[in-house]
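# Survey of secondary and tertiary structure
Here is what each chain is made of, one letter per residue.
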Amino acid sequence: MLAEFFNNWIAWLMLLLPLFSAAVNFVWLRKENFMAQAVSILCSGLALLIAFGIWLEAIHVPTAPLIKWIDVGTLQIQIGWLDNPLSRAMLLVVTGVGFLVHVFSVGYMDHDKDRARFFGLLSLFMFSMLGIVIADNLVMMYMFWELVGLSSYLLVGFWWFKESASAAAKKAFLCNRVGDFGFLLGILIYWSTTGTLTLDFDSTAGQAALAALSALPAWELTLMGLLLFCGCVGKSAMFPLHVWLPDAMEGPTPVSALIHAATMVAAGVYMLCRVFPILAMSPDALTVIAWVGAGVCLGAAFIGCQQDDIKRILAYSTLSQLGYMVMAVGISAPGAAMFHLSTHACFKAGLFLCSGAIIHQCHEEQDTWRMGGLWKKMPITIGCFLMCALALSGCPYTAGYFSKDLIIELAGGSNVPGAVALYWIGFGAAILTAFYMFRLMTIAFLGKPRTEQAEHAKEYGWVMIFPVATLALFALGAGWPVWGWEHYYGQATYGGLEQFSNHFKPEWLSKVVGWSFFAIGTASAIFLYMGKSQEPYRFGPMVVLNRKFYVDEIYDNVLLKIQQAFARLLAWFDDWIISGLFVRGSAALAEFSGQMLRLFQTGNLQAYAFLFSLGVLILFYFV
C-alpha cells in the first residue's frame, strides 16, 4: 500500500507542497514570521529533491491525470503531467532557483514585519510556475499562466504602501493581460481546427493535431502562431509590452531574482518551445519571432548602457537575454533557447541576489553612483557578482559563453531572411552586455565609497552568501560541454540534433569575434568610467538611451491620449445617442404622446360630440 502510494503520488507532491505552504502561511501563520519562512523553505526544498529524483528517473511520474475536469464530446480537459526531458530540465531550474531564493529571503526580509505574507506569495508563485511546466494541455497551461500573473502582481506590489510599487504592479498586470488575450485566441484557433488541446505531440492525438494543422492555409497558420506568440510577448516582456519589466523592480529583490530573471519571464520562452511543432509550420511566424527577439536583444542592451539603478541595469539585461532566447526559437533552434534559458537562470538569479545583498547592506540604496569601493566591504558578494557577470558577458568558457554564442552561430547559419544581420546583431548585443556590466562594476565596486551607506556596508552572513555562491559556481560551470546539454536539449525540443550542426561558417570567426568583443566591451567600460564620480556622457544620443527611447513617454502622451479621446467619444455616444436618444428619448416620446392624448380625454360629452363631428367633416372633405 505504501509503495503504491509512493509511486502514484510522490511526483504530484512536488506540485502540491508549495500550494500547501501558501495555504498554511495565509490561513494559520499570518503573524508567525519564523514558522512561515520555515514551512516555505522546507516545502521548496522537498520540491527540489523530488524534481531531482524525477530528473534522475528515480521517481516515477504517473501517466494518469490528477483530475479529469471536463469530458464533453471531443473536448477533454484534465490536470495532467507531460513528462519529457524538456519538463524535467525546467523543473530543476524552477525548484533549484526557487529554493535558493527562499533561503536568501530569510536574510533580505529580516526587517520586514510581514514576512509570512511574503513567503506565502513565494510559495503560491512556485505552485503556479510548476503547473505551467508540467501542463499536458493548453487549458491547464493557461490556468496556471494566469495564476503566475496574479502571483507576480501580488509580489511586485508587496510593499503596497509605496505608490511606485502599486503602480508597477498594475502596469505589469495590465501588460500581461494584453498579451494573454492574444494567447487565448491562439489556443481557441488551435482547438477549433484540431479538436484537441494536447501539448504532447508524440501522442496519437498530437500527431493527429499536427496532421489537421498541415491542411490549413498559410495565413491561418501564421495568425495562430503569432497569437500564441502574444503570450510570450506579455510574459517574457517582448516589444511592445516590454515596458512592465523594468518597473517591476519596485518589488523586493528576491522577487526580481525568482520571477523576473529565472522563471516567470522565461515561461514565455518555455511555452514557445512547448508549441514549437505548431510554430514550425509557419516560416513567416518564425521570421517575425526571430526579428522581434533580435530587436529586443539589441535595443535593451543599448538602454542598459545608460541606466544608473543597479536593478534596472539587470532588468534591461534580462530583456536582452530573453531576446536571444526568442530569436533562437525563431531560427528553429528551441533547444538552444532552452540551453540559454537554463544557464541564464543561474547567472541572472545570482546577479539579482548579489544586488539584493548590496542594496540591503547599503540601506536600500540602488543608485550605483551612490556606492563605490564595495569590493573591500563585501568581497565575497562582489566576487560572486563578478563570476555571474562574466558569464552574462560571454567570457570564454563560462556558462553564458557556451549558450549565448551557440545562439549567435546558429542564427548566422539559419534559413531566416536576414540571417547574417541576426548574426551581427547578436554579437552587437554581446559587446554592449560586456560594456554595461563592467560599467556597473567599475562605478559601484571600485574607487572609494561615495556615501555613508557604502562606507558602512559589510557582508550579511551565510544565509545570503550560500545562495549567491551556489549560483556563481553554476554560472561558471553549468554550460560546459561535458554535461551534454546540447545533446539533451536537442532531443528535448522536437528538433533532434541537426539544429546544432547548422552553425555559421567559418566557425573560427565566431570564436575570434566573440572573444574580441568581450575584451573590447570590458576594456572600454573600465577606461571610460574608472575614477568617475558621476555620469560624464549624458548628452545627445545618450539621453535617448537613458530615457529608454522615450517609449513610456510615447505610451503616456500619444497612445494614452488617443485611448482617452476614444473613451470620451464612446462616453459621449453612450450618454447622448444610446442613453439620450434611444433610452431617455423614447421615454420622453412616450410621455409626450400620453400628455397629448390626455387633452382629448376630457370626460365632457359636448367635447366628444364636437370632435366626432369635426372628424366626420374632415372625412367628407377628403373623400
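These lines cover the structure that appears in this document, whether it is placed above or below. Keep in mind it's a predicted model, so treat the numbers as computed, not measured. (Residues numbered from 1 in each chain as written. Predicted model: local features only at pLDDT ≥ 70, side-chain atom pairs only at ≥ 80, totals over all residues. Heavy atoms only, no water.)

## What to know about the packing of helix H3 (residues 85-108) against helix H15 (residues 334-361)
For the pair H3 and H15, interaxial distance at closest approach is 11 Å and the crossing angle is 5°. Comparing the axis directions of H3 and H15 gives the class roughly parallel. Contacts between H3 and H15 pair Leu-86, Met-90, Val-93, Val-97, Val-101, Phe-104, Gly-107 and Tyr-108 from the former with Met-338, Leu-341, Ser-342, Ala-345, Ala-349, Leu-353, Gly-356, Ala-357, Ile-359 and His-360 from the latter. A class-by-class count of the residues in the contact of H3 with H15 yields 14 nonpolar, four polar and no charged. (Axes fitted to C-alpha atoms, helices over the stretch in contact; angles between N-to-C directions. Helix = DSSP H or I, 4+ residues; strand = E, 2+ residues; numbered from the N terminus. Parallel < 35°, antiparallel > 145°, perpendicular 65-115°, else oblique. Contact = heavy atoms within 4.5 Å. Nonpolar A, V, L, I, M, F, W, Y, C, P; charged D, E, K, R; others polar.)

## Structural notes on the pattern of salt bridges
Counted under the stated rule, the structure contains 18 salt bridges. Residue Arg-177 is joined to Glu-146 by a salt bridge in which the shortest nitrogen-to-oxygen separation is 3.1 Å. Of this pair, Arg-177 sits in helix H6 (residues 163-194) while Glu-146 sits in helix H5 (residues 138-156), placing them 31 residues apart in sequence. The class of Arg-177 is partly exposed, set by a relative accessible area of 21%. Judged by relative accessible area, Glu-146 falls into the partly exposed class, the value being 23%. Across the pair Arg-547 and Glu-553 runs a salt bridge, and its minimum N-O distance is 2.6 Å. (Salt bridge = Lys/Arg side-chain N within 4 Å of Asp/Glu carboxyl O. Buried < 20%, exposed > 50% of the residue type's maximum accessible area, 1.4 Å probe, protein only.)

## Notes on the nonpolar core
If you look at the biggest cluster of nonpolar residues, it comprises 204 residues, and the most contacted ones within it are Met-14 and Met-141. The greatest single-element share of this core, amounting to 17 residues, is contributed by helix H19 (residues 419-445). Other than its neighbours up to four places away in sequence, Met-141 contacts Ile-132, Ala-135, Phe-183, Leu-199, Tyr-270, Met-271 and Arg-274. (Core = buried A, V, L, I, M, F, W, Y, C linked by side-chain atoms within 4.5 Å.)

## Some thoughts on the layout of surface pockets
By volume, the largest pocket is sized at about 680 Å³. Along the wall of the largest pocket there are 26 residues; nearest its centre are Leu-92, Cys-346, Phe-474, Ala-478 and Trp-485. For the lining of the largest pocket, the elements supplying multiple residues, two or more each, are helix H2 (33-55), H3, H15, helix H21 (462-477) and helix H22 (485-492). In terms of residue count, the dominant contributor to the lining of the largest pocket is H3 (seven residues). Among the residues forming the lining of the largest pocket, the class breakdown is 20 nonpolar, six polar and no charged. What the second largest pocket holds in volume is close to 560 Å³. The wall of the second largest pocket is formed by 28 residues, among which Gln-76, Gln-78, Asp-136, Asn-137 and Thr-198 lie closest to the centre. Secondary-structure elements contributing two or more residues to the lining of the second largest pocket are strand S1 (67-72) and strand S2 (75-79). (1 Å grid on protein atoms, 1.4 Å probe; cavity = no way out; pocket = protein on both sides within 12 Å on 5 of 7 lines; lining within 4 Å. Points joined across faces, edges and corners; volume = space filled by probe spheres on them.)

## Some words on empty space enclosed by the protein
Sizing a probe to match a water molecule and rolling it over the atoms shows the empty space that remains. In this structure the tally under the stated criterion is three cavities of 30 Å³ or more. Here the largest cavity is characterised by a volume of approximately 50 Å³. Lining of the largest cavity is provided by Ser-393, Gly-394, Lys-404, Asp-405, Phe-427, Ala-430, Ile-431, Gly-514, Phe-517 and Phe-518. Every element with two or more residues in the lining of the largest cavity is listed here: helix H18 (399-412), H19 and helix H23 (507-529). In the lining of the largest cavity, the residues fall into five nonpolar, three polar and two charged.

## Observations regarding helix H25 (residues 551-598)
The sharpest bend along H25 comes to roughly 50°, located at Gly-580. All buried positions along H25 are accounted for by Val-551, Asp-552, Ser-579 and Gly-580. Buried residues along H25 sit against H6. (Bend = angle between axes of the 7 residues up to and from the residue.)

## Quick notes on the packing of H5 against H6
Between H5 and H6, whose axes approach to 9 Å, the crossing angle comes to 175°. Here H6 runs roughly antiparallel to H5, going by the angle between their axes. Across the interface between the two elements, Leu-138, Met-141, Tyr-142, Trp-145, Glu-146, Gly-149, Tyr-153 and Val-156 of H5 pack against Ala-165, Ala-168, Ala-169, Lys-170, Phe-173, Arg-177, Asp-180, Phe-183, Leu-184, Ile-187 and Tyr-190 of H6. Its residues placed into classes, the contact of H5 with H6 shows 14 nonpolar, one polar and four charged.

## Considering the packing of aromatic side chains
This structure, assessed with the given rule, holds 23 aromatic pairs. Measuring from centroid to centroid gives 6.1 Å for Phe-104 and Tyr-108, while their planes differ by 25°, and the two rings are stacked. Placement of the pair is Phe-104 and Tyr-108 together in helix H3, with a separation of four residues, close to one helical turn. With respect to burial, Phe-104 and Tyr-108 carry one shared label: buried. Relative to Phe-517, the ring of Phe-427 lies with its centre 6.0 Å away and its plane at 80°, an arrangement referred to as edge-to-face. Taken together, the positions of Phe-427 in helix H19 and Phe-517 in helix H23 put the pair 90 residues apart, joining distant regions of the chain. For Phe-427, a relative accessible area of 1% translates into the label buried. Residue Phe-517 is classed as partly exposed on the basis of its relative accessible area of 21%. (Phe/Tyr/Trp six-rings, centres within 6.5 Å; stacked < 30°, edge-to-face > 60°.)

## Examining H5
The end-to-end C-alpha separation of H5 is 26 Å, in line with the 27 Å expected for 19 residues at 1.5 Å each. Among all positions of H5, only Leu-138, Met-140, Met-141, Tyr-142, Phe-144, Trp-145, Val-148, Gly-149, Ser-151, Ser-152, Leu-155 and Val-156 are buried. The inward-facing, buried residues of H5 abut S2, helix H4 (115-134), H6, helix H8 (218-235), helix H10 (253-262) and helix H11 (264-274). With a side-chain oxygen positioned 3.2 Å from the backbone nitrogen of Val-139, the residue opening H5 is Asn-137. (Expected span 1.5 Å × (residues − 1). Polar contact = N/O pair within 3.5 Å; in protein donor to acceptor, adjacent residues only side chain to side chain.)

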